[in-house]
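# Coordinate analysis (summary)
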Amino acid sequence: MRSILVSGGTSTLGRAICERFVKAGERVYCGYASNRETADELAASYGPSLIPLHLDIQDAGSIASSLQELEGLDVLVNNSGVFSVFTPTELLESEWQRIFDINVTGLFRLTQKCIPLLRARKGSIVNIASINALHPGFGGTSHYDASKGAVVAYTKSLAKELGPSIRVNAVAPGLLKAPYLDNENPLRQHYEERSLLQSLVEPGEVAKVVQLLSDCSAMTGELVGVDCGYLMG
Ligand SMILES: NC(=O)c1ccc[n+]([C@@H]2O[C@H](COP(=O)([O-])OP(=O)(O)OC[C@H]3O[C@@H](n4cnc5c(N)ncnc54)[C@H](OP(=O)(O)O)[C@@H]3O)[C@@H](O)[C@H]2O)c1
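Just so it is clear, the model here is predicted, and its values are computed rather than measured.

## Some thoughts on unusual backbone geometry
The peptide bond linking G163 to P164 adopts the cis configuration, its omega dihedral lying at 0°. Positive phi, normally seen in glycine, also occurs at Q198, with a value near 50°. Of note, Q198 is situated in the loop between α6 (186-194) and α7 (203-215). At C228, a residue that is not glycine, the phi angle is positive and equals roughly 60°. Considering the arrangement of structural elements, one finds C228 in the segment after β7 (223-226). Of the residues examined, C228 reaches a relative accessible area of 17% and is grouped as buried.

## Structural notes on the sheet that holds strand β3 (residues 50-54)
Overall, parallel pairing links the seven strands, which are arranged β3-β2-β1-β4-β5-β6-β7 in an open sheet. Of all strands in the sheet, those bounded by a partner on one side alone are β3 and β7. Sheet twist, expressed as the average angle between the axes of neighbouring strands with direction ignored, equals 20°. Pairing of strand β4 (residues 75-78) with strand β5 (residues 124-128), which is carried by four bridges, proceeds in the parallel orientation. Looking at β5, one finds that L76 is bridged to I125. Where helix α4 (residues 93-120) meets the sheet, its contacts fall on β1 (3-6), β4 and β5, and the angle it forms with β4 comes to roughly 175°.

Criteria and cut-off values
- Residues numbered from 1 in each chain as written.
- Predicted model: local features only at pLDDT ≥ 70, side-chain atom pairs only at ≥ 80, totals over all residues.
- Heavy atoms only, no water.
- Helix = DSSP H or I, 4+ residues; strand = E, 2+ residues; numbered from the N terminus.
- Buried < 20%, exposed > 50% of the residue type's maximum accessible area, 1.4 Å probe, protein only.
- Pairing = 2+ DSSP bridges.
- Axes fitted to C-alpha atoms, helices over the stretch in contact; angles between N-to-C directions.
- Contact = heavy atoms within 4.5 Å.

Here you go:
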């Protein structure tokens, strides 16, 4: 049984990743920053293999004390990430900093503290990027796009620096199916029209790729798109 840490484990995608690993018989630490209620609900559904872990990646001290609770670490999934929409002229510097502090610096903070644990087990890291890193400019997303571009560059750089002891890969999901995207939502309609599979992305399909990257001993420094063919459309 491997130990897997998923940051933002209660998010739309985080839940699917936690579920996938629990069903595969792994021990999953489901990181939450504010959403303890959902973490506890997931623990009640999945039993003792899913362990809620308070993990605020904006607070280095909190990360260090949270990691003390782990019984070793085989896989780190850097899934926490936040999004907002502002035109480049409306965007306040404080919002740019908030997005970067979570999506980039927070990811770095957690990764750096996990490296010794992962090295001890020849572990791996899977970073959640976005198609926005590859196809920026959806409108109002320049700050988010830049943050996810940084995640991709960091992934590739880390893969070089940490090999051969730790593999590092990233996933670039397209627009995820989520309750707030109803049939009338224009973003959903645009996504379904353009993507080759005419569909939003099921979080569970992204979770399959995360699991594959965590397992496949021949992959490092890769960015794998899971977007229903949006970028090809
Ligand atoms: N949704 C999409 O269509 C889409 C598409 C491509 C890529 N992605 C990426 O996929 C990942 C998950 O997205 P999502 O839509 O599933 O997320 P979400 O539902 O919007 O939830 C955001 C997550 O980030 C966590 N978070 C916020 N601040 C944090 C902090 N200071 N420390 C630790 N965690 C923090 C939240 O934890 P708490 O709730 O516990 O505070 C929550 O779990 C993100 O990296 C996102 O950029 C999403």
